[in-house]
Amino acid sequence: MIVPHATSPRAVTKAVVPAAGLGTRFLPATKATPKEMLPVVDKPAIQYVVEEAAAAGLDDVLMVTGRHKRAIEDHFDSAFELEQALAAKGDAVRLDAVRDPARLASIHHIRQGEPLGLGHAVLCARRHVGDQPFAVLLGDDLIDPRETLLSRMLDVRDRHAGSVIALMEVPPEQIHLYGCAAVEATGEDGVVRVTGLVEKPSHQDAPSSYAVIGRYVLDPAVFSTLERTPPGRGGEIQLTDALQELASSGTVHGVVFDGLRYDTGDKADYLRTVVRLACDRDDLGPEFTAWLKEFVAGLEEGTGPGRRPLAA
C-alpha cells in the first residue's frame with residue numbers, strides 16, 4: 001500500500017513517464033525485455049517510479065512507450081489467470097504483490113512512434129495532459145522510497161508556479177553526462193532560480209556543478225515551446241533546450257537534492273542499486289548482508305568465490 005506524502009489536494013495530479021528508449025547499454029538483456037522491466041530485487045525498475053508518483057499524490061500516470069514495450073503495459077494490467085491461481089493456493093502475499101501495480105494509479109499508455117528524444121516524448125503527452133501542470137519522471141532514475149523529492153518539487157510549483165526541475169551537485173568530471181543548470185539563489189533553503197540550461201557540457205563550459213536529474217514538474221507552456229524547438233544534441237528534440245527558453249523568462253526553479261538516487265541506466269549503478277535496496281529489505285537484508293560481508297572479505301583475502309573471471 002502506497003501512502004501519499006501529500007496531506008492536501010494537489011494542483012498537479014498527472015505524471016508522465018517516458019519509457020520508449022531502446023536500452024542499448026543493457027544489450028543483449030534488453031533485446032526482448034524493456035530496460036524499464038529489468039528487476040530491481042523483485043520489482044521492475046519502472047514500478048518504483050510509479051510508486052514514487054503515487055506517494056506524491058499523483059494518481060493519473062501516462063507512460064510514453066514504443067512498440068517493443070508491451071511488457072510494461074501488461075505489468076500494470078490485471079493478470080486474471082495468475083491471480084486466480086494464487087488465490088486458489090491461498091497465497092495472499094504474492095497475490096497482493098501481483099495486484100499492486102494496477103492499483104497504484106490510473107495508468108494510461110501512448111506510443112512514441114519515432115525515437116526523437118525526451119522533448120518529443122513529453123510532447124506526445126500533450127493531449128492527455130491538456131492545459132494542466134504535470135510531472136515527468138524518467139524511468140531509469142530511481143529516487144529512494146524514503147525521500148520526498150517529488151513532493152518538495154510540487155510544493156515549490158504551488159508557491160512559484162512555472163516549472164520546477166530537480167538538481168543534484170556532481171563532480172566536475174561527471175557534468176558532461178547531464179544537463180547542467182546556471183542558477184541564482186532565492187533565499188529559500190534548497191531552492192534556486194534557474195537562469196539557463198546546457199545539455200551535456202564539457203566541464204570547462206559548464207555554468208555550475210548542478211546536474212539536472214530525472215524529475216520535472218512542468219508548466220503546460222512547455223508544449224508550445226517544444227513544438228518550435230529544433231533538434232539539438234544527437235539530432236533529438238531536447239527537453240533541456242525547451243526549458244532553457246522558459247528559464248530565460250524567469251519561470252523555472254530548481255530543487256537541490258542531496259538524498260539517495262540510483263541510476264539504473266548504468267550497469268555498475270544498476271548493480272549497486274540492487275545490492276543497496278536488497279540490504280535495506282527486512283526480509284532479505286540480514287541474510288544478504290551477512291553473505292555480502294563474507295563475500296567481500298573473501299575477495300580481499302583472495303580466497304573467496306568468484307575468482308575466475310566470467311566472459312563479458
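> Hey, could you run me through the nonpolar core in this one?
Where a protein is soluble and globular, its nonpolar side chains tend to be buried together. Core analysis: the biggest nonpolar cluster contains 43 residues, and Val61 and Met63 have the highest contact counts within it. With six residues, helix α1 (residues 45-55) is the largest single contributor of residues to this core. Residues in contact with Val61, not counting those within four places in the same chain, are Ala15, Val17, Val50, Ala53, Ala105, Ser106, Ile107 and His108.

> What should I look at first to understand helix α9 (residues 239-247) in this one?
Residues three or four positions apart in an α-helix share a direction because the helix packs 3.6 residues into each turn. Turning to α9, its buried residues number three or more, namely Leu239, Thr240, Ala242, Leu243, Leu246 and Ala247. Viewed end-on, α9 has its buried residues packed into an arc of 160°, placing them on one side of the element. Against α5 (118-123), β8 (163-169), β10 (191-199), β11 (210-218), α8 (221-227) and β12 (252-256) lie the buried residues of α9.

> What am I meant to see in the environment of Leu150 here?
With respect to the helices and strands, the residue Leu150 is situated in helix α7 (residues 149-160). For the pair formed by Leu150 and Ala56, sequence separation is 94 residues and the distance between their alpha carbons is 6.3 Å. With residues near it in sequence (within four places) discarded, Leu150 still touches Glu52, Ala53, Ala56, Leu58, Ala135, Leu137 and Val217.

> Help me out: how do you make sense of the pairing of β11 in this one?
Two faces belong to every sheet, and in a regular strand the side chains alternate between them. For β11, the tally of buried residues reaches eight of nine residues, placing the bulk of the element in the interior. In this sheet, β11 lies alongside strand β6 (residues 134-137) in antiparallel orientation, the contact comprising four bridges. Directly across from Val136, in β11, lies its bridge partner Tyr216. Across five bridges, the pairing between β8 and β11 is antiparallel. Paired with Met168 across the bridge in β11 is Ala211. Direction of pairing for strand β9 (residues 179-185) relative to β11: antiparallel, over a ladder of two bridges. Directly across from Cys180, in β11, lies its bridge partner Ala211.

> Explanation requested: the side chain of Lys69 in the structure shown.
As for its position among the elements, Lys69 is in the loop between β4 (60-65) and α2 (70-75). Accessibility expressed as a relative area gives 1% for Lys69, which makes it buried. A polar atom in the side chain of Lys69 sits 2.8 Å from the side chain of Glu36.

> How do you make sense of the packing of aromatic side chains when you look at a structure like this?
Two numbers describe a pair of aromatic rings. These are the distance of the centres and the angle of the planes. Under the counting rule described, the total for this entry stands at four aromatic pairs. Residues Phe26 and Tyr270 carry aromatic rings whose centres are separated by 5.5 Å and whose planes lie at 75° to one another, so their mutual orientation is edge-to-face. Taken together, the residues span a long stretch of sequence, with Phe26 in the loop between β1 (14-18) and β2 (39-40) and Tyr270 in helix α10 (residues 267-280) at a distance of 244 residues. Chaining the aromatic ring pairs together yields one cluster made of Phe288, Trp291 and Phe295.

> Sorry if this is basic, but what is going on with the packing of helix α3 (residues 80-89) against helix α4 (residues 92-103) here?
A pair of packed helices is captured by two measures, namely the crossing angle of their axes and the spacing between those axes. Between α3 and α4, the least distance of the axes is 9 Å, while the angle of their chain directions is 160°. By the angle class used here, α3 and α4 are roughly antiparallel. Along this stretch, α3 crosses α4, giving a crossing that reads as left-handed. For the pair α3 and α4, contact is made by Leu82, Glu83, Leu86 and Ala87 and by Arg94, Leu95, Val98 and Arg99, respectively. Considered class by class, the residues forming the contact of α3 with α4 number five nonpolar, no polar and three charged.

How each quantity is defined
Residues numbered from 1 in each chain as written. Predicted model: local features only at pLDDT ≥ 70, side-chain atom pairs only at ≥ 80, totals over all residues. Heavy atoms only, no water. Core = buried A, V, L, I, M, F, W, Y, C linked by side-chain atoms within 4.5 Å. Buried < 20%, exposed > 50% of the residue type's maximum accessible area, 1.4 Å probe, protein only. Helix = DSSP H or I, 4+ residues; strand = E, 2+ residues; numbered from the N terminus. Contact = heavy atoms within 4.5 Å. Arc of directions from axis to C-beta. Pairing = 2+ DSSP bridges. Polar contact = N/O pair within 3.5 Å; in protein donor to acceptor, adjacent residues only side chain to side chain. Phe/Tyr/Trp six-rings, centres within 6.5 Å; stacked < 30°, edge-to-face > 60°. Axes fitted to C-alpha atoms, helices over the stretch in contact; angles between N-to-C directions. Parallel < 35°, antiparallel > 145°, perpendicular 65-115°, else oblique. Left-handed = near helix turned anticlockwise from the far one by under 90°. Nonpolar A, V, L, I, M, F, W, Y, C, P; charged D, E, K, R; others polar.

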